[in-house]
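Residues per chain, in single letters:
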Amino acid sequence: MGRGEIDVTVFQVLADEYSRRILLAADRDPKTAKALSDICDASLTTIYRRVSTLQEHGLIQEHSTVGADGAHRSQFETTLEELHVTVSDGELSLSVETRDELADNFTSLWTNMRENR
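Here we summarise the structure given alongside this text. Note that residues are indexed from 1 along each chain, following the sequence as it is written. Given that this is a predicted model, residues contribute local features only at a pLDDT of at least 70 and side-chain atom pairs are listed and counted only at 80 or more, while totals for whole chains, interfaces and linings are drawn from all residues. Water and hydrogen atoms play no part in the side-chain values, which are based on all heavy atoms of the structure.

Now for a nonpolar patch on the surface. Distance thresholds for patches are 9 Å for like charges and 5 Å for nonpolar side chains (Val, Leu, Ile, Met, Phe, Trp, Tyr), applied to residues having over 30% relative accessible area and no salt bridge. Values of accessible area rely on a 1.4 Å probe in the Shrake-Rupley scheme; residue burial ignores everything except the protein chains shown. Any carboxyl oxygen of Asp or Glu within 4 Å of a side-chain nitrogen of Lys or Arg constitutes a salt bridge here. Together, Leu-83, Val-85, Val-87 and Leu-92 line one region of the surface with nonpolar side chains, adding up to about 360 Å² of accessible area. Under the scheme used here, helices are H or I runs from DSSP no shorter than 4 residues and strands are E runs no shorter than 2 residues, and both carry numbers assigned from the N terminus. Mapped onto the fold, Val-87 is located in strand β4 (residues 80-88).

What follows is the structure, encoded as structure tokens:
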């Protein structure tokens with residue numbers, strides 16, 4: 001999704017308490033659905049529904065891992081870095097900046113600096 005105007009339904013997503021709890025819980029490091037369920041005091045069904053919605057809007061991403069027992073597990077990590085709300089000419093716009101985009105911007109800046117020496 002990256003930075004730019006996006007659908008205002010993100011407001012509705014972020015208005016949901018469970019969605020906000022999930023984003024905060026998965027901010028520092030990836031969490032399994034079970035861990036999110038425990039932290040957010042929500043059923044696994046609620047967690048999976050909210051995670052699905054958050055993924056649709058590019059606010060969380062899924063990582064697959066293999067445990068010591070060989071079982072595959074999914075972990076979820078927040079990608080949202082910044083949220084910008086602008087009111088201009090009677091219109092409300094919302095933009096989101098993700099961590100991936102910030103990393104890409106830094107890499108591009110560094111590459112340009114090295115090439116222009």
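Once the structure has been displayed, the description carries forward.
A word on the pairing of strand β5 (residues 91-98). Buried residues dominate β5, accounting for six of its eight residues. When β4 meets β5, the two strands line up antiparallel, connected through eight bridges. Paired with Val-87 across the strands is Leu-92, a residue of β5. Connecting β4 to the antiparallel partner β5 that follows it, the hairpin turn spans two residues, and Asp-89 within it adopts a positive phi of roughly 50°. Here's how the labels work: a residue is buried when its accessible area is under 20% of the maximum for its type, exposed when over 50%, partly exposed in between, all with a 1.4 Å probe on protein chains only. By definition, two strands form a pair when at least two bridges between them are found by DSSP.

As a rule of thumb, soluble globular proteins bury nonpolar side chains together. Take the buried Ala, Val, Leu, Ile, Met, Phe, Trp, Tyr and Cys residues and link them wherever side-chain atoms come within 4.5 Å; each set so joined is a nonpolar core. Among the nonpolar cores identified, the biggest contains 20 residues, and Ile-22, Leu-36, Ile-47, Val-51, Leu-54, Leu-59 and Ile-60 are the most heavily contacted of them. Of all the secondary structure elements, the ones that give two or more residues to this core are α1 (9-15), α2 (17-25), α3 (33-40), α4 (44-56) and β5. When residues no more than four places from it in sequence are discounted, the contact partners of Ile-60 are Ile-22, Ala-26, Val-51, Leu-54, Gln-55, Phe-76, Glu-77, Thr-78 and Thr-79. The contact criterion used is simple: two residues touch if any of their non-hydrogen atoms lie within 4.5 Å.

Once that is clear, we can look at α2. Within the sequence span of α2, burial applies to Ser-19, Ile-22, Leu-23 and Ala-25. One side of α2 holds all its buried residues, which, seen down the axis, span an arc of 170°. The arc in question is the one traced by the directions running from the helix axis out to the C-beta atoms.

Turning next to the packing of α2 against α3. Every axis corresponds to a line fitted to the C-alpha atoms, with the helix fit spanning only the stretch in contact, and the corresponding angles, defined between N-to-C directions, vary from 0 to 180 degrees. At a closest axis distance of 10 Å, the pairing of α2 and α3 adopts a crossing angle of 115°. When the axes of α2 and α3 are compared, the crossing they make is right-handed. Of the residues in α3, those in contact with Tyr-18, Arg-21, Ile-22 and Ala-25 of α2 are Leu-36, Ile-39 and Cys-40. Residues are grouped as follows: nonpolar covers Ala, Val, Leu, Ile, Met, Phe, Trp, Tyr, Cys and Pro; charged covers Asp, Glu, Lys and Arg; every other residue, Gly included, is treated as polar. Of the residues that constitute the contact of α2 with α3, the class distribution is six nonpolar, no polar and one charged. By definition, any crossing whose near helix is turned counterclockwise from its far helix by less than a right angle is left-handed, and any crossing with a clockwise turn is right-handed.

Let's shift gears to unusual backbone geometry. For Asp-41, which is not glycine, the phi torsion reads 55° and is therefore positive. Mapped onto the elements of the fold, Asp-41 is located in the loop between α3 and α4. Notably, Asp-89 is not glycine yet its phi reads approximately 50°, a positive angle. Looking at the element boundaries, Asp-89 is found in the loop between β4 and β5.

A few words on the pattern of salt bridges. This structure, assessed with the given rule, holds five salt bridges. Of the charged contacts in the structure, one is a salt bridge between Arg-50 and Asp-16, with a shortest N-O distance of 2.8 Å. Taken together, the residues Arg-50 in helix α4 and Asp-16 in the loop between α1 and α2 connect sequence positions 34 residues apart. Overall, the relative accessible area of 21% leaves Arg-50 in the partly exposed class. We note a salt bridge from Lys-31 to Asp-29, for which the minimum N-O separation is 3.2 Å. Residue classification places Lys-31 among the buried residues on the basis of a relative accessible area of 16%.

This paragraph deals with the pairing of strand β2 (residues 60-66). Where β2 and strand β3 (residues 72-78) come together, seven bridges link them in antiparallel fashion. Bridging from a neighbouring strand, Ser-64 pairs with Ser-74 of β3. Between the end of β2 and the start of β3, which pair antiparallel, lie five residues, with Gly-70 showing a positive phi angle near 85°.

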